[in-house]
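# A closer look at the structure
Here is what each chain is made of, one letter per residue.
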Amino acid sequence: MAIDLTQDRPEFLQSGLSHDELNADPIQQFELWFKQVTESDIIEPSAMSLATSDGLEVSLRTVLLKFVDDKGFVFFTNYASKKAKQIESNPQVALLFPWLALERQVKISGRVEKISMLESVNYFATRPKDSQLGAWASRQSSKISSRQILLAQFEAMKNKFKEGQIPLPDFWGGYRVIPHSIEFWQGRENRLHDRFIYTKSNNKWVLDRLAP
Ligand SMILES: Cc1cc2nc3c(=O)[nH]c(=O)nc-3n(C[C@H](O)[C@H](O)[C@H](O)COP(=O)(O)O)c2cc1C
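Residues numbered from 1 in each chain as written. Predicted model: local features only at pLDDT ≥ 70, side-chain atom pairs only at ≥ 80, totals over all residues. Heavy atoms only, no water.

The subject of this paragraph is the site of the ligand. Taken together, Arg61, Thr62, Val63, Leu64, Phe76, Thr77, Ser81, Lys82, Lys83, Gln140 and Ser141 make up the full set of residues near the ligand. Within the side chain of Arg61, one N or O atom sits 2.8 Å away from an oxygen atom of the ligand. Between the ligand and Thr77, the relevant distance is 2.6 Å, taken from an oxygen atom to a side-chain nitrogen or oxygen of the residue. When the ligand sits alone it has 620 Å² of accessible area, and the protein chains cover 63% of it. Among the elements of the structure, β2 (58-64), β4 (72-78) and α2 (82-89) are those that each provide at least two residues to the shell around the ligand. It is β2 that provides the largest number of residues to the shell around the ligand, a total of four residues. (Near = heavy atom within 4 Å. Polar contact = N/O pair within 3.5 Å; in protein donor to acceptor, adjacent residues only side chain to side chain. Areas by Shrake-Rupley, 256 points an atom, 1.4 Å probe, with all protein chains shown as cover. Helix = DSSP H or I, 4+ residues; strand = E, 2+ residues; numbered from the N terminus.)

Right, here's the structure in full:
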């Protein structure tokens, strides 16, 4: 066996989670956990796994959370990428924040919508110039024969946009995941973990405990 982890048995002992301490609003509960995670040593706390499926294939990748509001969780990407194509065919997605150093994970299921172009323009304008050029230079998820092609494309874009502001590419912008369920998981001793799921029903959040 090249790797054998069958004797590895991490115990989760840091803390617990009870119904009483959870906020009635999962977005506010997420904000609280996010604040705690940013105060910890976890690198890239905003990194989340995004799962998409077109019905034939399931696909997963990391993206960065850029903002959260009452409507949902927003990330930015290329609107012609593989994930975008899958979202077009099936807007139901899942997100996972693996905050393992805190023995926590947050799992979100929801429907994706493009954010408004104005919101994307506003965010794009805050990005460093080289990241803006990077967005222009990459046809994300398409096959390329060498890194040289990518670098040449970057230089071409640098030249094209050498004067003035770099506009938002029409193939790039934000998506908002509008949650219909949000689960908070806290590891506990003996695999008796605490799990609470908020589910939207008649426009209200209902909170239930799940077996670990
Ligand atoms: C830490 C980290 C953060 C990332 N953030 C983003 C992001 O915010 N947006 C994005 O499009 N890709 C991001 N990526 C790259 C994606 O994981 C992925 O390679 C890319 O989006 C293409 O995915 P697709 O071919 O499934 O569409 C990130 C990767 C890592 C490891």
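Turning our eyes to something else, we now look at the packing of aromatic side chains. The final tally for this structure, using the stated rule, is 17 aromatic pairs. Taking 5.7 Å as the distance between ring centres and 40° as the angle between the ring planes, the aromatic pair formed by Phe30 and Trp99 counts as tilted. Of this pair, Phe30 sits in helix α1 (residues 26-38) while Trp99 sits in strand β5 (residues 92-99); the two residues are 69 residues apart in sequence, bridging distant segments of the chain. Overall, the relative accessible area of 1% leaves Trp99 in the buried class. Every member of this aromatic cluster is reached through a ring pair, and the members are Phe30, Phe34, Phe73, Phe97 and Trp99. Over the aromatic face of Trp33 sits the side chain of Arg104, whose NZ or CZ is 4.0 Å from the ring centroid. (Phe/Tyr/Trp six-rings, centres within 6.5 Å; stacked < 30°, edge-to-face > 60°. Buried < 20%, exposed > 50% of the residue type's maximum accessible area, 1.4 Å probe, protein only. Lys NZ or Arg CZ within 6 Å of the ring centre and 35° of its normal.)

By volume, the largest pocket is sized at about 280 Å³. What lines the largest pocket is a set of 15 residues, among which Phe76, Thr77, Arg127, Gln140 and Trp172 lie closest to the centre. Secondary-structure elements contributing two or more residues to the lining of the largest pocket are β2, β4 and α4 (129-137). Its residues assigned to classes, the lining of the largest pocket shows six nonpolar, six polar and three charged. In this structure, the second largest pocket is lined by Val121, Phe124, Ala125, Arg127, Gln132, Gln165, Ile166, Pro167 and Leu168. No other element matches helix α3 (residues 117-126), which puts three residues into the lining of the second largest pocket. Partitioned by chemical class, the residues of the lining of the second largest pocket number six nonpolar, two polar and one charged. (1 Å grid on protein atoms, 1.4 Å probe; cavity = no way out; pocket = protein on both sides within 12 Å on 5 of 7 lines; lining within 4 Å. Points joined across faces, edges and corners; volume = space filled by probe spheres on them. Nonpolar A, V, L, I, M, F, W, Y, C, P; charged D, E, K, R; others polar.)

With the rule as written, the count across this model stands at ten salt bridges. Residue Arg176 is joined to Asp69 by a salt bridge in which the shortest nitrogen-to-oxygen separation is 3.0 Å. Separated by 107 residues along the polypeptide, Arg176 in strand β7 (residues 172-186) and Asp69 in strand β3 (residues 67-69) bring together distant segments of the chain. Overall, Arg176 belongs to the buried group, its relative accessible area being 6%. Where Arg209 meets Asp194, a salt bridge forms, and the shortest distance between an N and an O atom there is 2.8 Å. Taken together, the residues span a long stretch of sequence, with Arg209 in strand β9 (residues 204-210) and Asp194 in strand β8 (residues 194-201) at a distance of 15 residues. Connected through shared salt-bridge partners, Arg188, Glu189, Asp194 and Arg209 make up one network. (Salt bridge = Lys/Arg side-chain N within 4 Å of Asp/Glu carboxyl O.)

Everything listed here is a matter of coordinates, which is why it stays silent on function.
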